[in-house]
Structure formats: structure tokens, C-alpha cells
Amino acid sequence: MARDPLLRPFQLKHLTLRNRVMSTAHEPAYSEDGMPKDRYRLYHVEKAKGGIAMTMTAGSAVVSRDSPAAFGNLLAWRDEIVPWMRQLTDECHAHGTAVMIQLTHLGRRTGWNKADWLPVLAPSRVREPAHRAFPKAAEDWDIERIIADYAAGAQRMQAAGLDGIEIEAYGHLMDQFWSPATNSRDDEYGGSLDNRMRFSMRVLQAMRDAVGPDFIIGLRMVADEDWTTGLSRAEGIAIARRFKASGMVDFLNIIRGHIDSDNALMDVIPVMGMRSAPSLDFAGEVRAAAEIPVFHAARIGDVATARHAIAEGKLDMAGMTRAHIADPHIMRKILAGQEDRIRPCVGATYCLDRIYEGHDALCVHNAATGREAFMPHVIARDTACAQRVLVIGAGPAGLEAARVAAERGHAVTVLEATERPGGQVLLAARHSRRRDLIGIIDWRVQELARLGVDIRFGIYAEAEDVLSLTPDIVFLATGGMPNTDILRAGNDLVVSAWDILSGQVKPAERVLVFDDNGAYPAMQAAEMMAEAGSAVEIVTPERFFAPEMGGLNHAAFARRFQQHGVRVTINSRLLSARREGNELVASLGSDYGESLQDRRVDQIVVDHGTLPDESLYEALKPLSRNLGAVDYEALVAGRKQDIQRHPDGQFRLFRIGDAVASRNIHAAIYDGLRFAKDL
């Protein structure tokens, strides 16, 4: 371990970071009233407990009133933030972790119709497609007050005891001044590179005057917008060198790309199926050219990649941000010689997709993240109350329930009808672009082997199978089956998205995909068929396709649909299907009128979610002590289930995941965790 590059301390000015791994700034949208209250604090403290060297808060905290929160941002312009940040910092420090915060003015990257309804501001009147606001051009008085706001924000963070601050210059106001794509000014803030950097240098000087020479200040900066109209690589490196020469900047956190649209953002924050650490070499080039400490995070999703980045001198600190959302205890496990037990980040990007859709960040397969107040990352063992736990179904819900129950010290048996664990994840992972999802299953199977769980395959469980094992607790995690019986006529003529994903049905030449679910199955089936050469049209009754999918994954599908000529029709509903000769005729209507249209195709694929097979549940329910009932108040609060409705019952019975209703992977895993953690 002494030779592990990741475990070497790093000296940043006066600050000693205990290892080379950090969580870079991001906004999980856990703030309350713009403040980092308990939920926000516990999320960062958990990473400190897990051994990380530094956690960077906010993504970003806004310094000015006319920079309203776009992603649940913290409000650094309010004095009330100081005690909240002090509490967070003190608790992280107690576990040996440094804390910094990212400060910004969002510029055009927000909306005007929120908070105080002030106009959005930018260097020039260039609209950002992602947030759609038409900005006003910053006037001299705007520039003066925002410079003062940056300085005041830095003072607040210094007063809160933070170890330093990072200025966001990555699609925000500061680098909007740098970029020719967003700065068309003809005054002293436009034109030459020195002019375009004038605002940055004035901000830095004001901040230095406010906090002194010793407080750590860095920038997360775009050093190449990878855009014909934007900031070039040469200019980006020149900016980095100027910051180094100024003596006011202690580190750079390097970004490559632009983020004004979902499609562009996806290249900066790569999703599943994209290249690992695509900008790592570029960050190393900036480090060598500017001779300044460099941090970087862009799909450094595993320990091996982070270790390589440090060992090869490409980075001084490796940002493993999404990886720590999946497992906040990465460094603790490395130190304990348990690197193989790290819960993998599978790149699903459920976390960020939720943020960009206005929700809170959640990991697709760690349901404790963001719920630290009532959901544990480390399951407490209690062998004094060991029971016999039977889990029926080895999909994500069943495997999680089995893992958590076994960690608690119970004797766990899993019965699975097929010959492999995984459930619906197996279907999703069949496509090469989404194959990393199998890590959700593989990690749990590995953990169950370590815990000695008995998994039996090829058993389609009936009531007598359950009774023969005399369990104390039964989890029904049997999932669901596709529901295609939704048309007025012709249900027998359609196939399900599962049929395509599994390979049981081959794609036809002309295909209509009716997506009345709005999630991944129909989108993935459409992509696979298009890749196979089918002419595909997706029809949805929604006002945009796949509303259950966030912007980054949406962009990945949209990019491929564009490549393969997939047609997308919104605001339309498949009403019926009929056969005419060798063709199928799909009759399309709308929720907005009575007109009908026909599509002549060779195949109709329908996704309308799943329906559970409730026969086993109905057979077991009268035999259970709780008669299948759930105490929702206890469930939501993270307390034990104690309902007793049938004192003579033989076991407690709980349905989880899609055995209850059609949902998603995260919901299934959350069910497994919260029902099993207090057994």
C-alpha cells in the first residue's frame, strides 16, 4: 500500500491532502432554502468517513442575487450560509477530509423566471440553448457589483473555516467572457485574450484582497471548448499559463468541451457506453504546459484509472465524483485491502440526469446516497436476532434484499426461476452500449458469495416450495412481465420491447415502436433495431420522447437515432393494429383530437411497462403474519416493519421492486435496502 500512488499525500500550499482522490464540485440538489442543511452535510460527511482526501461542495454556489439557482445551487451571497458551511466543514475535518466550495455567477446558464425574476446576464446577448434565457449584456455597474459579490462570497467561506474555494469557469459567467462564442463585446472586456480575461483577473484580485495571500483559490476551467466557434486549445493553455503567472491561483481543475446543450454536455460528462476518462491526457498536457497543480474529473470511474492518472503524472488529484456517489467508502476499502468490494459506478448517470431534470441526485444502485439520515451505507450486523430469510427472484430488488439481510446476520436463501441472476438488467445489458449495467448484478452476486448466501437457480417457486423452507421472512421479488394488452384491437399482433431486447424476436424491415412507458426499454429496442438495419419510427403520446429519461442519456439515444434515421412522432397514441395482406396497419390517434392516421409496417413493438404475476403473492398472503401489509410511515422514516395482522401466520411477507408495480432499478434496490436493513 505504501507504493500505491493513490495513497501518497499531496501538499497544496499549506494544506496536506491525505491521498490523491477527491470528489469534485457538483450540486446534488440537497439544499434547503439555498442552505447546506442536514441532508447536504451528511452526504459530504459520509465521504469523509469513507477516507476521501477532499470533498468539493456546491456545483456551484452562486455569489449574486441575479444568478438564481439552476440546479438547487447553494446561495453564497447570503450570510446565513456561514454557520451551515462551518458545521459541514468541521464534521468533515473531524474525519480527516479537507473541504472546499465552488463559487460562481451562472451568467446565461440559468433562467429569469425564478427567484427574484431578475434578467439573466452574460457578456453579450447570446442565448444558451439549454436554459433558453435571452440575456442582457453586462453593463459596467453589473461588472463592478459582481466582482464585489465574488469577494464577499470568498470572505464568507473563509469565515466558515473551509480550506479553500474554486471558481467555476466552465460554461458560466467567467469563461463566457473568455469564449469567442459568447463574447462579442467591443469594449475593454472583448476582443483580445487579455481583454477577455480582464473580468477574471479583476475577480481574482478582489478575492485575494478579501481573503489574503494564504487562502487557497483555484479554478475549474475549460481549457478547450472543442468547438469551432469557441475557446481553442491554444487559448485555453495560454489562459492557464496566465493564471499561473499571476500568482493568485493555486490549482486548476481542467475541463474540455462546452455545455450549452445536452448533446455537448454528454461529451464533457460521458455516459455509459462512452470512452473512459476521455480528457485525462488533455488535462495532463495542461499540467505540463502551465506547471501548476491540476485536478480533473470526467468519467474516472474506477480505481485503476485514477491510479494510472496519478502514477503517470497526468494529475495531482483524481476526481472520482460519480464513483463516490456509488460508493462513498472507496478509500477506506482500499486501505482495508478490500478494493474488490468497492461498489462500481456503472456509468448509468441516473444521478446527473435527475439533477438536470430538476430532481435530487440519486445513484442507480446505491439507495443510501442522499439518504444518510435514515439509510445506512454500512449495514449493522445483529446475529442475536438471526432469522431464516427467503428471497424469491434474483433481480436487483431480490439481490439487494438478500445482500442486506445477510449483512445483518440472517440465513438467506434465494430462489430464481431462470438459470442466471439479473432479471430485467440482463435485457438492458445485452446491448453493447449499456453492458456496464451488469455491474449492478455482478457486484451483488459477489457480495452474496462472500456472505454465504444460498442461491438456487431453475426453481419456479410455488407456495409449497416456500413452506418447505420454513422461512421467518419472505421477500417476493419476482418482477413483472411486459404489458402489451393495451390496444382497442390487435393486441395479438404486437410484440414487446422485451422480445426485441432478448433476441427472441428479430427486427423486421419497417418497425413502429409505441412507447407508452417513457423509460429505457422502448428506446433501447428502437436503437438496437435501427442498428440492425430496420426503418424505425417511435410513436409516443407524450409531448417529448422518453420523459422518464434524463437529458444526458436522452442525448445518447437521440444522437444514435439521428445517425440511423429514426423517426420520432410525439403527441400520438397507438389505438389499434390490424393485418392487411403481408403488412400490419397501425392506427394512430391523439389525445388532442379525433383525427386518425395509418402507418403500414412489418412489425409493431409496444412498451407499456410491466405487470406482476400475483398468483404466488395471493397464495402466500393469507399465510403471513402481516397479510402482506406495509407500514408506510415506518418505511418512509427508515424504521422496522412491525405490522401483525395475523398472529398465527408463519412468516412476514413483503413484495418489492416490480413485483409491486412497474418502476425502475433504483426503486427496486431502494425497496431491497429499506425493507431488509432492520430485520
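Structure: above.
In this text, all values refer to a predicted model and were calculated from it rather than measured experimentally.

Asks: Can you walk me through the sheet that holds strand 21 (residues 567-569) in this structure?
Replies: Two orientations exist for strands paired in a sheet by backbone hydrogen bonds: parallel and antiparallel. What the five strands build is an open sheet, ordered 18-25-19-20-21; its pairing is parallel. Single-partner strands in this sheet number two, and they are strand 18 (495-496) and strand 21. Contacts from helix 19 (residues 520-531) reach strand 19 (510-515), strand 20 (535-539) and strand 25 (603-607) within the one sheet, and its direction differs from that of strand 19 by about 170°.

Asks: Help me out: how do you make sense of the side chain of T569 in this one?
Replies: Mapped onto the secondary structure, T569 falls in strand 21. A polar contact of 2.5 Å, which involves the side chain of T569, links it to the side chain of E537. When near neighbours in sequence (up to four residues on either side) are disregarded, T569 contacts E537, I538, V539, T540 and R599.

Asks: What exactly am I supposed to notice about the sheet that holds strand 10 (residues 251-256) here?
Replies: One closed barrel holds the eight strands; their spatial order is 3-4-5-8-9-10-11-12, and the pairing between them is parallel. Averaged over all neighbouring strand pairs, the angle between strand axes comes to 30°, with direction disregarded. The sheet contact formed by strand 3 (residues 21-23) and strand 12 (residues 317-319) spans two bridges and is parallel. If you follow V21 over to strand 12, its bridge partner there is A318. Of the strands in this sheet, strand 9 (216-224) and strand 10 touch helix 7 (residues 233-246), which is tilted by about 165° from strand 9.

Asks: What's the story with helix 6 (residues 198-211) in this structure? I'm lost.
Replies: In an α-helix, one turn spans 3.6 residues; hence positions three or four apart end up facing the same way. The terminal C-alpha atoms of helix 6, which comprises 14 residues, lie 20 Å apart, in line with the 20 Å expected from a rise of 1.5 Å per residue. Burial in helix 6 covers these residues: F199, S200, V203, L204, A206, M207, R208 and V211. Contact partners of the buried residues in helix 6: strand 5 (98-104), helix 3 (140-159), strand 8 (164-169), helix 4 (173-178), strand 9 and helix 7. Just downstream of helix 6 lies G212, where phi reads positive at about 90°.

Asks: Would you explain helix 9 (residues 280-290) in this entry?
Replies: Within helix 9, burial applies to L280, F282, A283, G284, V286 and A290. Those residues of helix 9 hidden inside the fold are in contact with strand 9, helix 7, strand 10, strand 11 (294-296) and helix 10 (303-311). Among the residues trailing helix 9, E291 stands out with phi positive, at a value near 50°.

Asks: When you look at the pairing of strand 16 (residues 473-476) in this model, what are you seeing that I'm missing?
Replies: Every other side chain in a regular strand lies on the same face of the sheet, so the side chains alternate between the two faces. Alternating positions in strand 16 separate into two faces, I473 and F475 on one and V474 and L476 on the other, with burial throughout. In this structure, strand 16 lies alongside strand 27 (residues 652-655), joined through four bridges in parallel fashion. Looking at the pairing, L476 lines up with R655 of strand 27.

About the criteria used
Residues numbered from 1 in each chain as written. Predicted model: local features only at pLDDT ≥ 70, side-chain atom pairs only at ≥ 80, totals over all residues. Heavy atoms only, no water. Pairing = 2+ DSSP bridges. Helix = DSSP H or I, 4+ residues; strand = E, 2+ residues; numbered from the N terminus. Contact = heavy atoms within 4.5 Å. Axes fitted to C-alpha atoms, helices over the stretch in contact; angles between N-to-C directions. Polar contact = N/O pair within 3.5 Å; in protein donor to acceptor, adjacent residues only side chain to side chain. Expected span 1.5 Å × (residues − 1). Buried < 20%, exposed > 50% of the residue type's maximum accessible area, 1.4 Å probe, protein only.

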